[in-house]
Each structure stands twice: as C-alpha cells, then as structure tokens.
Amino acid sequence: MKYFKYLFGTLYLLAGIAKIFPQIEDVGVVLKNAAIANQGTFLEGISNYLYTHELVITVISGLSLFLAGLTLLINRYLIASSIGQMLMLICFVTLLHRAYWQVIVMDTVFFIFAVFVLKEQLMLKKQKNIQLQRIYQS
C-alpha cells in the first residue's frame, strides 16, 4: 500500500500543478464544455456558475489536488484527506461526465484507492484504540 500512496500522491501533485498551466489542462475550456454539456439538466446552474468563476475554480481544484497528493506522500491526515478526495471526485464526475466520459473511469480508480486508504486508516485507528484500552485496564 505504501507504494500506491506514493504513486497516487505523485499523480495528485502533478494534477494539481497542471491546473496552473493551460497548455496542459485548460480548466476554463473544461468548465465551458461542461456548461454546454449540462444545458437543460439540473446541473446547468452550477455548471454555468463554475464556468463564470473559472479562475477561482482553477485555484481551488489545483490546490485540492496538490494537498491530496501531499497528504499521501507525507502519510499524514489520511482519514480527512481520503474523505475529501472522495467528495472532490464525486463532484468532478457529477459535473464533467456529460462532457468527458473518461472522467468516470479515471476518477473511479482514484475513488477506489481513497476508499482503501480510508479503510486502512480506520483499521489502524481502531487497533491503536484497542491497545490504549489494554494499557489503561492494566
């Protein structure tokens, strides 16, 4: 699992950094295409809002991805990070799936990994709590 954390952490870091380079990924174009694809759906309002605030969304998404990668690489705050990653990925898929079907495949892989990390961290926390209870009972 350690190597997967490094791999996914690196991928998240790179994705976060890529957000600031429109030559790699132009968030404005992505949001525009999502707004067009979501016309006439319940996502139309939020898609248009995000498109009109593309700079803020670029910063937020880039920072979120970068921080997700950093937490995986330093192996800290993984419970909160995994939950945040899952919520972020759900938002990405919900907003972008009509314009970019590939996001479903890619983000599902990252979502499954976040679930595994969360499960691992919760199990470790439970084991620590059991050990502490044994110490206090002695």
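Reading the values: rules and limits
Residues numbered from 1 in each chain as written. Predicted model: local features only at pLDDT ≥ 70, side-chain atom pairs only at ≥ 80, totals over all residues. Heavy atoms only, no water. Core = buried A, V, L, I, M, F, W, Y, C linked by side-chain atoms within 4.5 Å. Buried < 20%, exposed > 50% of the residue type's maximum accessible area, 1.4 Å probe, protein only. Helix = DSSP H or I, 4+ residues; strand = E, 2+ residues; numbered from the N terminus. Contact = heavy atoms within 4.5 Å. Axes fitted to C-alpha atoms, helices over the stretch in contact; angles between N-to-C directions. Parallel < 35°, antiparallel > 145°, perpendicular 65-115°, else oblique. Left-handed = near helix turned anticlockwise from the far one by under 90°. Nonpolar A, V, L, I, M, F, W, Y, C, P; charged D, E, K, R; others polar. Phe/Tyr/Trp six-rings, centres within 6.5 Å; stacked < 30°, edge-to-face > 60°.

### Side note on the nonpolar core
Thinking step 1. Phe8, Tyr12, Leu65, Ala68, Leu72, Leu78, Met88, Leu89, Phe110, Phe113 and Val117 together form the largest nonpolar core, which totals 11 residues.
Thinking step 2. Broken down by secondary-structure element, the contributors of at least two residues to this core are helix H1 (2-18), helix H4 (54-74), helix H5 (78-96) and helix H6 (102-137).
Thinking step 3. Not counting the four nearest positions on each side in its chain, Leu78 is found in contact with Lys5, Thr71, Leu72, Val117 and Gln121.
Thinking step 4. Listed in part, the six residues of the second largest apolar core include Val27, Leu31, Leu43 and Ile57.

### What about the packing of H1 against H6?
Thinking step 1. Running from N to C, H1 and H6 cross one another at 130°; their axes reach a closest spacing of 12 Å. Our classification of the angle between H1 and H6 gives oblique. Along this stretch, H1 crosses H6, giving a crossing that reads as left-handed. On H6, the residues touching Phe4, Lys5, Phe8, Leu11 and Tyr12 of H1 are Val109, Phe110, Phe113, Glu120 and Gln121.
Thinking step 2. Here the residues of the contact of H1 with H6 are counted per class, giving seven nonpolar, one polar and two charged.

### Some points on the packing of aromatic side chains
Thinking step 1. This model, assessed by the stated rule, comprises three aromatic pairs.
Thinking step 2. With 5.0 Å between their ring centres and 80° between their planes, Phe8 and Phe110 make a pair best called edge-to-face. Of this pair, Phe8 sits in helix H1 while Phe110 sits in helix H6, and the two are 102 residues apart along the sequence.
Thinking step 3. Taking the relative accessible area as the measure of exposure, Phe8 reaches 8% and is therefore buried.
Thinking step 4. With relative accessibility at 12%, the residue Phe110 sits in the buried group.
Thinking step 5. The interplanar angle of 5° and the centroid separation of 4.1 Å between the aromatic rings of Phe8 and Phe113 together place this pair among those described as stacked. Placement of Phe8 in helix H1 and of Phe113 in helix H6 is noted, with a sequence separation of 105 residues between them.
Thinking step 6. Taken together through their ring pairs, the aromatic side chains of Phe8, Tyr12, Phe110 and Phe113 make up a single cluster.

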